[in-house]
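# Coordinate analysis (summary)
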Amino acid sequence: MIHVLSGVWALLVGIVLIMLGNGMHFTLIGLRGDIEGFSAAELAVITSGYFVGFLSGARLTPLMIRRVGHVRVFAALGSFMSAGLIAYTLLAEPWAWTILRILLGFCMSGIYVAAESWLNNAATNETRGKLLSAYMIAQTLGIIGAQGLLTLGDAGTAALFIGASILVSISFAPILLSVAPAPVVEVTRPMSLRELFSSSPLGTVGIFLLGSVYATQTGMGAVFGTQVGLTAAQIALFVAMLFTGALVLQYPIGWLSDRVDRRKLIFGLAVGGGLSCGIGWIAGSGAALFADAGIWPLMAAAFLAGGVTTPLYALFLAYTNDFLSSEDMPAASGGLVFTFGLGAIAGPLLTGWAMQGFGAFAFWLVLGATFVLMALYALYRMTQRASAPAEETESYLGVIPSASPVAVEAAGAWAAEQAEGEADTPA
């Protein structure tokens with residue numbers, strides 16, 4: 001493994017630094033927005049702006065790279081992102097923050113496309129799975145670490161925004177000084193939603209609902225924390241628990257995914273996500289069951305809810321690929337990323353409206369209802385289609401929701417190669 005990572009260590013270090021800055025920014029929006037007096041509905045629009053930019057960047061960045069090259073695109077997007085982070089403190093208006101979030105979403109999507117194309121180019125068929133796993137772990141660790149950095153400053157000043165900007169700025173040094181130029185990146189045109197739904201109704205509907213869940217957790221989690229009176233340190237811990245759960249549960253869920261009916265696993269995880277939201281809602285309502293437990297039931301709910309969300313993303317990708325030929329997988333991956341993005345735009349808007357009208361704990365109610373819908377649809381699909389035998393399914397790889405179509409396509413190709421290799425191995 002050390003030999004595999006030796007050629008891409010600079011890229012992974014850079015990604016950790018980028019995610020430290022971007023992870024700080026996600027939580028800072030909720031913290032500073034509360035200080036500025038923004039409503040939950042306004043913060044929801046700001047949150048959704050990121051995913052509008054992210055979808056745009058995923059499609060336009062490959063065109064930019066073909067025009068001027070990886071290095072220039074990477075450096076330019078990094079500069080815009082660093083400037084955008086500082087600009088938050090200059091004009092504290094919802095419309096301005098929404099524009100900045102769209103810009104940052106566009107930049108991060110483009111950065112992912114460029115970084116993941118470098119990573120994919122450095123990989124061989126034998127090392128691709130390990131490199132992608134290391135890349136996903138680096139991203140998650142960066143986001144978790146960012147929450148710790150938030151405790152070092154005051155969200156009411158410009159210091160934390162400047163710190164996030166500095167982290168993003170210096171992250172490009174190890175990458176640009178050590179990574180060799182990669183070939184022109186090609187991202188397959190996404191499959192249409194109609195074709196995607198025809199191939200895998202559960203994969204399409206499920207990943208749309210999951211986009212809503214993920215964006216609500218990452219974008220509105222800090223807003224929820226401020227509205228229920230958590231301290232800045234407690235909010236940082238709450239957001240960190242969402243991603244810690246994903247890091248801890250990814251492997252065991254992936255192990256199960258290759259051995260059981262994936263629809264049953266999707267159903268079970270969605271039910272678990274709904275139950276975790278129930279715990280969060282009961283804990284926050286001051287119920288006697290958790291009266292003496294302090295904030296820890298909320299943290300446990302975050303750990304479990306986040307712990308099933310990220311593995312479900314990879315699970316939906318793998319399940320959809322089970323019903324596709326290897327030639328259709330790249331286009332389907334692009335379609336799933338797009339569908340996920342649509343859900344990510346819609347989720348915070350719905351949650352913000354609910355929190356505005358019904359109070360902060362509507363955060364848990366919307367998340368829980370979405371998980372329940374996911375579970376019910378998985379249960380329905382079990383009655384409509386025979387399950388694929390576990391030995392004939394594609395291999396699972398822990399792709400996380402923030403990955404661009406480049407990594408998703410690479411993961412799909414790796415999974416297909418692994419499945420073919422296992423099929424060709426004599427029993």
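As the structure is a prediction and not an experimental result, all values here were calculated from the model.

Criteria and thresholds
Residues numbered from 1 in each chain as written. Predicted model: local features only at pLDDT ≥ 70, side-chain atom pairs only at ≥ 80, totals over all residues. Heavy atoms only, no water. Helix = DSSP H or I, 4+ residues; strand = E, 2+ residues; numbered from the N terminus. Buried < 20%, exposed > 50% of the residue type's maximum accessible area, 1.4 Å probe, protein only. Contact = heavy atoms within 4.5 Å. Areas by Shrake-Rupley, 256 points an atom, 1.4 Å probe, with all protein chains shown as cover. Expected span 1.5 Å × (residues − 1). Bend = angle between axes of the 7 residues up to and from the residue. Axes fitted to C-alpha atoms, helices over the stretch in contact; angles between N-to-C directions. Parallel < 35°, antiparallel > 145°, perpendicular 65-115°, else oblique. Left-handed = near helix turned anticlockwise from the far one by under 90°. Nonpolar A, V, L, I, M, F, W, Y, C, P; charged D, E, K, R; others polar. pLDDT = per-residue confidence, 0-100. Phe/Tyr/Trp six-rings, centres within 6.5 Å; stacked < 30°, edge-to-face > 60°. Lys NZ or Arg CZ within 6 Å of the ring centre and 35° of its normal.

In terms of helices and strands, the protein chain carries 15 helices and 0 strands. Looking at the protein chain residue by residue over its 427 residues, the buried ones come to 58%. Looking at the protein chain alone, contacts between residues at least 24 apart form 87% of all its contacts between residues at least 6 apart. Carbon and sulfur atoms form 66% of the exposed surface of the protein chain, whose accessible area is close to 16,500 Å².

Once that is clear, we can look at helix α3 (residues 40–68). Spanning 29 residues, α3 covers 40 Å between terminal C-alpha atoms, matching the ideal 42 Å at 1.5 Å per step. Maximum bend of α3: about 35°, positioned at leucine 60, with proline proline 62 one to four residues after it. Once α3 ends, the next one or two residues include glycine 69, with phi positive near 100°.

Quick look at the packing of helix α5 (residues 94–122) against helix α6 (residues 128–149) now. As a packed pair, α5 and α6 sit with axes 9 Å apart at the nearest point and diverge in direction by 150°. It follows from the interaxial angle that α5 and α6 lie roughly antiparallel. Considering the relative orientation of α5 and α6, their crossing is right-handed. For the pair formed by α5 and α6, the contact residues are Tyr112, Glu116, Leu119, Asn120 and Ala122 on the first element and Arg128, Leu131, Leu132, Tyr135 and Gln139 on the second. The residue inventory of the contact of α5 with α6, partitioned by class, reads 6 nonpolar, 2 polar and 2 charged.

Here we take up helix α12 (residues 296–321). In a regular helix each residue adds 1.5 Å, so 26 residues correspond to 38 Å; α12 covers 38 Å between its end C-alpha atoms and thus fits that length. In terms of burial, α12 is a largely internal element, 23 of the 26 residues being buried.

Residues at a pLDDT of 70 or more form 84% of the protein chain, whose mean pLDDT is 84. No element of the protein chain has a lower mean pLDDT than helix α1 (residues 2–6), which averages 62, and none a higher one than helix α14 (residues 362–382), which averages 94.

Attention now goes to the environment of glycine 14. As for its position among the elements, glycine 14 is in helix α2 (residues 9–35). On the basis of relative accessibility, which here comes to 0%, the residue glycine 14 falls in the buried class. The spatial distance from the C-alpha of glycine 14 to the C-alpha of isoleucine 170 is 8.1 Å, given a sequence separation of 156 residues. Not counting residues up to four positions away in its chain, the partners in contact with glycine 14 are Ser171, Pro174 and Ile175.

Per the counting criterion, the structure on display carries 19 aromatic pairs. Centroid distance phenylalanine 38 to tryptophan 97: 5.0 Å. Interplanar angle 80°. Geometry classified as edge-to-face. Here tryptophan 97 lies in helix α5 and phenylalanine 38 lies in the loop between α2 and α3, a separation of 59 residues in the sequence. Owing to a relative accessible area of 0%, tryptophan 97 belongs among the buried residues under this scheme. Clustering of aromatic rings is evident, with ring pairs tying together Phe26, Tyr50, Phe51, Phe54 and Tyr112. Between arginine 101 and the ring centre of phenylalanine 26, over which it is positioned, the NZ or CZ distance is 4.6 Å.

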